[in-house]
There are 2 protein chains.
Amino acid sequence: MRGADALLRTLVGNDVDVCFANPGTSEMHFVAALDAVPEMRGVLGLFEGVVTGAADGYGRMTGRPAATLLHLGPGLGNGLANLHNARRARTPIVNVVGDHALDHKVLDAPLESDIDAVAGSVSRWVRRSTSVSSLPGDAVDAVVASRTGGGGSATLILPADVAWTDGAEPAGPGAVPAPSPVDDDTVRSTADVLRSAGASAAVFVGGPVMDPDGMAALQAIHEATGARVLHETFPSRMTRGAGRFESDRLMYLAEMAADQLAGVEHLVLVGTVEPVAFFAYPDKPGRLVPAGCTVHAFASPGDDCGGALAELAGRVAGRIEPTPATVGPLDRPTGAIDVFTAAAAVAATLPEGAIVSDESATCGLFMQGATLHAPEHDWLSLTGGAIGQGMPVATGAAIACRDRPVLSIQADGSAMYTIQALWTQAREQLDVTTVICNNGAYAVLAMEMDRVGGEFGGPISRSMFDLTRPDIDFCRLAEGQGVPATRATDAEALTDALERAQREPGPHVIEAMFRP
Amino acid sequence: MRGADALLRTLVGNDVDVCFANPGTSEMHFVAALDAVPEMRGVLGLFEGVVTGAADGYGRMTGRPAATLLHLGPGLGNGLANLHNARRARTPIVNVVGDHALDHKVLDAPLESDIDAVAGSVSRWVRRSTSVSSLPGDAVDAVVASRTGGGGSATLILPADVAWTDGAEPAGPGAVPAPSPVDDDTVRSTADVLRSAGASAAVFVGGPVMDPDGMAALQAIHEATGARVLHETFPSRMTRGAGRFESDRLMYLAEMAADQLAGVEHLVLVGTVEPVAFFAYPDKPGRLVPAGCTVHAFASPGDDCGGALAELAGRVAGRIEPTPATVGPLDRPTGAIDVFTAAAAVAATLPEGAIVSDESATCGLFMQGATLHAPEHDWLSLTGGAIGQGMPVATGAAIACRDRPVLSIQADGSAMYTIQALWTQAREQLDVTTVICNNGAYAVLAMEMDRVGGEFGGPISRSMFDLTRPDIDFCRLAEGQGVPATRATDAEALTDALERAQREPGPHVIEAMFRP
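Treat the numbers as computed from the prediction; the structure is a model and nothing was measured. (Residues numbered from 1 in each chain as written. Chains lettered and ligands numbered in written order. Predicted model: local features only at pLDDT ≥ 70, side-chain atom pairs only at ≥ 80, totals over all residues. Heavy atoms only, no water.)

## Concerning the pattern of salt bridges
Residues and elements named next belong to chain A.
Here is step 1 of the chain: Evaluation of the coordinates by the stated rule reveals 54 salt bridges over all chains.
Here is step 2 of the chain: Where Asp192 meets Arg195, a salt bridge forms, and the shortest distance between an N and an O atom there is 3.1 Å. Of this pair, Asp192 and Arg195 both sit in helix H9 (residues 184-197), separated by three residues, roughly a single helical turn.
Here is step 3 of the chain: Residue Glu246 is joined to Arg240 by a salt bridge in which the shortest nitrogen-to-oxygen separation is 2.9 Å. In terms of burial, Glu246 and Arg240 fall into one category: buried.
Here is step 4 of the chain: Here the residues in one salt-bridge network are Asp99, Lys105, Glu112, Asp116 and Arg128, joined through shared partners. (Salt bridge = Lys/Arg side-chain N within 4 Å of Asp/Glu carboxyl O. Helix = DSSP H or I, 4+ residues; strand = E, 2+ residues; numbered from the N terminus. Buried < 20%, exposed > 50% of the residue type's maximum accessible area, 1.4 Å probe, protein only.)

Here is the structure:
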């Protein structure tokens, strides 16, 4: 069979059975193979940032890689920002980047570019497949690489002639290595630190342990030792709600984060790395951990973090007895839409088992706090700071979990980076409700300008954060892509619209007006 | 003064006075400096692909670089595809990519990535400015680099602390080297080749000589020697129309291009490189030049191509006497909208001095032929094959030439890559008329699938080229961004809408329905 057919069969045989795609001419044989290998589901995106962000959302929800199909260097470039976010989320993804036929590359045709260099910036593994006989093995290696060391992008560059040449045989499943266990000595010594340091210790956790089991272990550690428990500002995924114990979120603003960490003498890392300021500011430190604090890299993202955390909790606390789950009460908000009422509307209507894709920026400041008592749900954050992630991630999460409702909470400025995601939601009739928080501004930048220096911000520079000249009508942008839309101008209407959208099948957009 | 202020003053002093921007926190001091240096015009784009494509359109029309302002690696990534196209167009651009402060980089904050590697793939010059004292000189070097060797992107990576630190002094103008002259011996020997080879020679030209002077010289060469004259499939810019002589376009399809070049024994290159197939296909050659043909690299893009061509024409023809310009007749089309009537509608309504940004793909097959007798205009092509260029390039061309009407002819599939360009057109109230050719398909891919192998194309793969599930309503997408829009369902309505849009100030969208 052709290389492309063998590639698809190999991917399917390695548990990769969704391909988010925006193909071009050099990918025609891959696309044609979708007919021959119907076990692989092809999902079309109108822009590569949708494709890669969807693969990120899919991978976060399943723990398995989706494939992406991208058209040479420019296609990879268009998808790069969301692969950057996926890199920070450590999401397994297998990128298939089509390229010119091997003997065509030397001709420097118009679409020729340095794919390897660009791919290297976001991938933990990059390989160009150079023959139809090596292609299936390369695909297996890509899948394994994407699922190793905590997860990440593996980028397989696929020359057109390797895809179209006959004589390939699919390869069988590769062996994905189990995460490394944390050794007993480390568990023991860390337990000793926590026991002796008491409230001067803090456990700092990331996405890999932010599920009910992880939180139960953390609650036990906290109750037994007095250690504080904090989590990354932007975890890849949190399973949360129902009133259960949750770690404190490390604040985005560096000065607040430094206050949170003040007095910590021992910081124990579980499934994450040492926290640092998101950006540098004049005369402010980039490291957030106080001077003199000892940082203990207890369990790195590639380790068996959940297992290690359970052992640690068992050692310091004996038994793990989490607070029973209870939902509510959750009051329906009234009045104007603002950060408080919008958060309350989301909390009052969040369905059991929902997946929340959060790119709400300044509008969503209180969303997480408000939803602590909402029914159990998953929360996906903007891990790498590259805006334009929220709607694609929601799309991929919905493909991954067809039976779960998805709520995509989206700031207006960032919505405009990958607004094309709505079309894929309509095409696939996904149960995604998107709330666009329309405040008519890059509000975070106006805030950041204040922070870098108070004397700043004349009318010209301030106009660079203004999205009201002209106003963007997100209802029209949604309807133009086949997604029904509603504008909500007060909290009651927002709450009603959320309920209605989540009751009806298929995608919906609610434009929440955070301004008169 | 601060580094950012000195940078802006240095750019302005080096004739760079427009900055297409999509900033983030690390660029706040650059943005703030827009108030201090109002000679620099900041133009906001809602997505970086708009920013870089606009800089490409601006540079093609002015010959001078605009600056872009991009937010770290992900911002550069989002702008990469249109920087790829600009690289192929050899457009001068100065990219300013904001980065973390120098001592923040080692902390591997969420937005940290390998900017240098990504920038290198599209730039002829990349430098990270490491101090406030070197920044102004770095900026001068960037401008000079962007204007050297035929032109290209120079990427200046600007750490936030270098931008915010005090003590900088602006640098004066740098010396842009003149293009290299082609030596007399080369002119003489090439003239000898053309004279002796007659109709078995062809001159193959690119954007740098595709203006009335260049075409007049080519007409003289053709008439004096019998040599054929051909041009690149996708030149960066052609000044054309008014019934004047024009070189033949090398066809996009490799088999047709090879037919055009059959029998050519000497190919003389002026302002371009040897033509090759856009893509490779099974059992088809990638080189288009016939076996045995001698390729003469007469004037490379970095050379004084116009001067060399004039000398060559003078030597073989003596006098250059082009056909006088005459416009029309141009009939108004009737009936359904198709490739013929749409081209006729454009030709019948094209205003004198228009700038055409052409990303019409299969819908625009006859646009260039139809407009040969339209009033003089400039034509900008999709140079690098990375779709999503057309509307951003139109935006930048309109900023460059405020007194000229711009016509943006746009295929529907590619329109969805950078649809956000419409918002900038509305914000800046640019005289851009965008015709979206809605055929509900990636039609070029359906054609390419036929070409790679006739047995292909089952229902699943064909569905990957279908843009009708759901239909995209481009009028709503335009109106949602503040641009008035009209749907034309026959050729009369299209012609009327074109006339009306070009008469009224500000941007307009016409959705031309290439289907019932």
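## What to know about the nonpolar core
Here is step 1 of the chain: Grouped together as the largest cluster of nonpolar side chains are 128 residues, with contacts concentrated most on A:Leu7, A:Leu11, B:Leu7 and B:Leu11.
Here is step 2 of the chain: Once residues lying within four places of it in the same chain are set aside, the contact partners of A:Leu7 are A:Phe30, A:Val96, A:Leu135, A:Ala139, A:Leu156 and A:Leu158. (Core = buried A, V, L, I, M, F, W, Y, C linked by side-chain atoms within 4.5 Å. Contact = heavy atoms within 4.5 Å.)

## Some words on the interface of chain B and chain A
Here is step 1 of the chain: Opposite the 94 residues of chain B that make contact, chain A presents 94 residues.
Here is step 2 of the chain: Across the interface of chain B and chain A, roughly 8000 Å² is buried in total on both sides, 67% from carbon and sulfur atoms.
Here is step 3 of the chain: Summed over the three residues of chain B that lose the most area to chain A, namely B:Pro110, B:Arg427 and B:Met464, the buried surface amounts to 9% of that side.
Here is step 4 of the chain: Ionic pairing is found between A:Arg88 and B:Asp108, a salt bridge with its closest N-O pair at 2.8 Å.
Here is step 5 of the chain: Of the residues forming the side of chain B that touches chain A, the biggest block, six residues, is contributed by helix H2 (residues 28-36) of chain B. (Buried area = accessible area lost by both parts, 1.4 Å probe.)

## Overview of the packing of helix H9 (residues 184-197) of chain B against helix H12 (residues 305-317) of chain B
Residue and element names in this part refer to chain B.
Here is step 1 of the chain: The interhelical angle for the contact between H9 and H12, taken along N-to-C directions, is 50°, at an axis separation of 9 Å. Comparing the axis directions of H9 and H12 gives the class oblique. Read as a crossing pair, H9 and H12 show a hand that is right-handed. Where H9 abuts H12, its residues Asp184, Val187, Arg188, Thr190, Ala191, Leu194 and Arg195 lie against Glu311, Leu312, Arg315 and Val316.
Here is step 2 of the chain: When the residues that make up the contact of H9 with H12 are grouped by side-chain class, the tally is five nonpolar, one polar and five charged. (Axes fitted to C-alpha atoms, helices over the stretch in contact; angles between N-to-C directions. Parallel < 35°, antiparallel > 145°, perpendicular 65-115°, else oblique. Left-handed = near helix turned anticlockwise from the far one by under 90°. Nonpolar A, V, L, I, M, F, W, Y, C, P; charged D, E, K, R; others polar.)

On their own, these measurements won't tell you what the molecule is for.
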